[in-house]
Amino acid sequence: MEEKSNNLKSVSKPSNFIKEIIEEDLRTNKYNGRVHTRFPPEPNGYLHIGHAKSICLNFGLAEEYNGLCNIRFDDTNPTKEEAEYVDSIKEDIKWLGFDWGDREYYASDYFEELYEYAIKLIKKGKAYVDALSADETSKYRGTPTEPGKESPYRNRTTEENLDLFEKMRAGEYKDGELVLRAKIDMSSPNMNLRDPIMYRIRHESHHRTGNKWCIYPTYDWAHGQSDSIEGITHSICTLEFENHRPLYNWFIEELEIFHSQQIEFARFNLSYTVMSKRKLLELVEGKYVNGWDDPRMPTLSGMRRRGYTPKSIRNISEKKGVAKRDAVIDIASFEHIIREELNKSTKRVLVVLQPLKVIIDNYPDDKIDELDAINNPEDPSMGKRKLPFSKIIYIDKDDFREEPPKKFYRLAPGKEVRLRYAYIIKCEEVIKDPTTGEIIELHCSYDKNTKSGSGSSSKKVKGTIHWVSAQHSIDAEVRLYDRLFSVTNPAGDKENDFKDFINPNSLQVIHNCKLEPSLKELKTIDRFQFERLGYFCLDSVDSKPNKLVFNRIVSLRDSWAKIEKASKTH
RNA sequence: UGUCCCGUGGUGUAAUUGGCAACACGUCUGACUCUGGAUCAGAAGAGUCCAGGUUCGAACCCUGGCGGGACAACCA
């Protein structure tokens, strides 16, 4: 009994090492009971599913502990950042369902304050203006296993440093001529402590501060102080900043300002895709995909267009957990979560992807049956709809085999299947194109006693297939997506470029698909289950009222495909 | 020949902080079914990187190895 309740507890409230730290801080009243986090993107690209993890974590923690979460754009590098990215990032965060209230901040808001901090360090003899070139600086820095050596400019007087730094700001030097560095320890085993650069000269216009500044703080100099200024209690970031933490702490202690606590967690990898901004950019620029919002991309805009729900993404983030070890999430677990949600929420509909014409010879020419169809067997409150049935229908080519393999429960010459919500039909004749041999149409007979729900026949068949009445059908284009790459970790191969592993079948476009007539009144970007096929949604970009385009979000689990695959490999 | 971090079934997490490893995905059976969907029932699969040590008892503590990752942008 006790075990069970314990179990339930751990299921409903998963814990992780970050929560443990926060709860301990709450116990010891470290920050007067405050929990304040932030999501700090650089506005230099589109957000992807990895960022979603960080967003959910930061906002989720704030929510759970009655705290606050800021959004802060780390816009310290004007050469790479643009206002349009700011907008797309905000849109993505809102879409995920998070609200930062009026706490939308920018590192550039703190440029003046940061400048004052720098002067404070110079006055303490803890920062100096260096005139080494970038190349020289790099050489002087040493390597991870060899200590660096001190710059000849390292011991300027405070007055000299102050004067030079002021002139840097005033624009008296060219890009790269001077930098401001922290004076720490050129022989530190931690390379971040080897006199890191705090300011560099960039005569460049900034998306927010315009031409006000020509010196810009580096990330290392700006980030910790920005957190401190905002009163961030728990500054959560990814593992690669672990080695930077001693530096951030050094700055904060020298400056004697509020001490945020940095906690690092492992970033998340997804199987069968790539996640780095650089690689995603390469896919876009090389036209391997159709833009950042291509539904095959792991970007939030791509996944949104693909049809993923915000809830499913939040779910993934939560179920994945938080840890410090590198992880590769199996895309299958992703697919499971989206299916689970869509199965419950989505209206079922009959759609034929690859139409094969079927003529029911013994069905009256002009007769139209109005059949009852259930909108969602998982949720009766979603009601029913009428489905017209007539003499000429379409079925999917996949559902007919001239020579059916073992365990093929669908239609074949002389065999019977049930038409979903309609009758049992039997295939009487196969008509082929005399020249190509391609199957053009099927002639079938129907058993009128087998109408769905009539209970007037005890006839049983193994298979049920979907169909659409030809004269009532609506045409549409359907895009089937598969994994973008054909290997688990495309970026993990040292011999081959990741682009060599692109799955050539990641996108299959099918024209002239046939939809049931209820799909005529599409108002929103509703999602549907095309029965036996998968979950689909309208494409937000290309679909027009007179030219419908659907994206496949995810297929249904397909045990027949498994059987078929297994028999082929034998 | 440095510093820091990490190492639990195929994958991702958990183990009441020392009491002989749990959950989810995936895989495989079977039941049910007018979606080969969903659902239900069940199975296989790790002895916790290795070796010592402390202890009545270790995934958890200690020591030493091994393996993986991060760090040498005036990027973030």
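Keep in mind that what you see is a predicted model, and the values were worked out from it rather than measured. (Residues numbered from 1 in each chain as written. Chains lettered and ligands numbered in written order. Predicted model: local features only at pLDDT ≥ 70, side-chain atom pairs only at ≥ 80, totals over all residues. Heavy atoms only, no water.)

A.B. asks: Could you clarify how one ought to interpret the protein's contact with RNA strand B in this entry?
C.D. replies: Near RNA strand B, the surroundings consist of 70 residues, among which Thr76, Arg348, Lys407, Ser452 and Gln529 are the closest. Here the atoms of RNA strand B within 4 Å of the protein split so that 60% fall in sugar or phosphate, with bases taking the remainder. Between a base oxygen of RNA strand B and a side-chain N or O atom of Glu20, the distance comes to 3.2 Å. The separation between a base nitrogen of RNA strand B and a polar main-chain atom of Gly453 is 3.1 Å. Elements with a minimum of two residues in the surface near RNA strand B: α6 (134-140), β6 (197-201), β11 (327-329), α13 (331-345) and α14 (559-569). Looking at the surface near RNA strand B, its residues break down into 22 nonpolar, 23 polar and 25 charged. (Near = heavy atom within 4 Å. Polar contact = N/O pair within 3.5 Å; in protein donor to acceptor, adjacent residues only side chain to side chain. Helix = DSSP H or I, 4+ residues; strand = E, 2+ residues; numbered from the N terminus. Nonpolar A, V, L, I, M, F, W, Y, C, P; charged D, E, K, R; others polar.)

A.B. asks: What's the story with helix α7 (residues 158-170) in this structure? I'm lost.
C.D. replies: Helical geometry: 3.6 residues make up each α-helical turn, so side chains three or four residues apart lie on a common side. Between its first and last C-alpha atoms α7 spans 18 Å; for 13 residues at 1.5 Å apiece the expected length is 18 Å, and the two agree. Of all the residues in α7, the buried ones are Asn161, Leu164, Phe165 and Met168. Down the axis of α7, the buried side of the element spans an arc of 100 degrees, and every buried residue falls inside it. Opposite the buried face of α7, by more than 90 degrees, sit the exposed residues Glu159, Glu166 and Ala170. Where the residues of α7 are buried, they touch α5 (111-123), β4 (127-130), β5 (179-182), β6 and β7 (215-217). (Expected span 1.5 Å × (residues − 1). Buried < 20%, exposed > 50% of the residue type's maximum accessible area, 1.4 Å probe, protein only. Arc of directions from axis to C-beta. Contact = heavy atoms within 4.5 Å.)

A.B. asks: What exactly am I supposed to notice about the pairing of strand β8 (residues 234-238) here?
C.D. replies: Consecutive side chains along a regular strand alternate between the two faces of the sheet. Buried residues dominate β8, accounting for five of its five residues. The side-chain alternation of β8 yields two buried faces, one formed by His234, Ile236 and Thr238 and the other by Ser235 and Cys237. The parallel pair β8 and strand β9 (residues 261-265) is bridged by helix α9 (residues 245-255), and the resulting crossover is right-handed. (Right-handed = clockwise from strand over helix to strand, strands pointing away.)

A.B. asks: Could you clarify how one ought to interpret the side chain of Gln529 in this entry?
C.D. replies: Looking at the element boundaries, Gln529 is found in strand β25 (residues 527-530). Exposure remark for Gln529: the relative accessible area of 6% places this residue in the buried category. Polar contacts involving the side chain of Gln529 include one to the side chain of Tyr535, which spans 3.2 Å. Discounting chain neighbours no more than four positions away, the residues touching Gln529 are Thr346, Lys347, Arg348, Val349, Gly534, Tyr535 and Leu556.

A.B. asks: For this particular structure, what's the right way to read the domain arrangement of chain A?
C.D. replies: How big an interface is tends to be expressed through the accessible area that disappears when the partners come together. According to the domain assignment, chain A contains domain 1 (17-265), domain 2 (277-347 + 477-568) and domain 3 (351-466). Each of domain 1 and domain 3 has a C-alpha centre, and the two are 65 Å apart. (Domains from an automatic or database assignment.)

A.B. asks: Please explain the environment of Asn16 as it appears in this structure.
C.D. replies: The residue Asn16 is located in the loop between α1 (2-12) and α2 (17-27) in this model. Sequence-wise, Asn16 and Ser138 are 122 residues apart; in three dimensions their C-alpha atoms are separated by 39 Å.

A.B. asks: Sorry if this is basic, but what is going on with the layout of surface pockets here?
C.D. replies: Gaps between atoms show up when a probe of the same size as a water molecule is rolled over them. Approximately 860 Å³ is the volume found for the second largest pocket. As for the second largest pocket, its lining consists of 32 residues, and the residues nearest its centre are His51, Glu240, Phe241, Arg267 and Lys277. Secondary structure elements with two or more residues in the lining of the second largest pocket: β1 (36-39), α3 (49-64), α8 (219-230) and β8. Counting residues per element, the lining of the second largest pocket draws most heavily on α3, at four residues. (1 Å grid on protein atoms, 1.4 Å probe; cavity = no way out; pocket = protein on both sides within 12 Å on 5 of 7 lines; lining within 4 Å. Points joined across faces, edges and corners; volume = space filled by probe spheres on them.)

A.B. asks: Looking at this structure, how should I read empty space enclosed by the protein?
C.D. replies: Applying the stated criterion across every chain, the model contains two cavities of 30 Å³ or more. One number sums up the size of the largest cavity: a volume of about 70 Å³. As for the largest cavity, its lining consists of Gly224, Asp227, Ser235, Arg245, Tyr248, Asn249, Ile252, His259, Ser260, Gln261 and Gln262. At the level of secondary structure, the elements contributing two or more residues to the lining of the largest cavity comprise α8, α9 and β9. Put simply, the second largest cavity is a space of about 30 Å³.

A.B. asks: Sorry, what's going on with the state of the cysteines here?
C.D. replies: Cysteine pairs can be linked by a disulfide, which is a covalent bond between their two sulfur atoms. This model, assessed by the stated rule, comprises zero disulfides. Just so you know, Cys427 is unpaired, no disulfide at all, and the nearest cysteine sulfur is the one on Cys444, 4.7 Å from it. Classification of Cys444 as buried rests on a relative accessible area of 0%. (Disulfide = S-S within 2.5 Å.)

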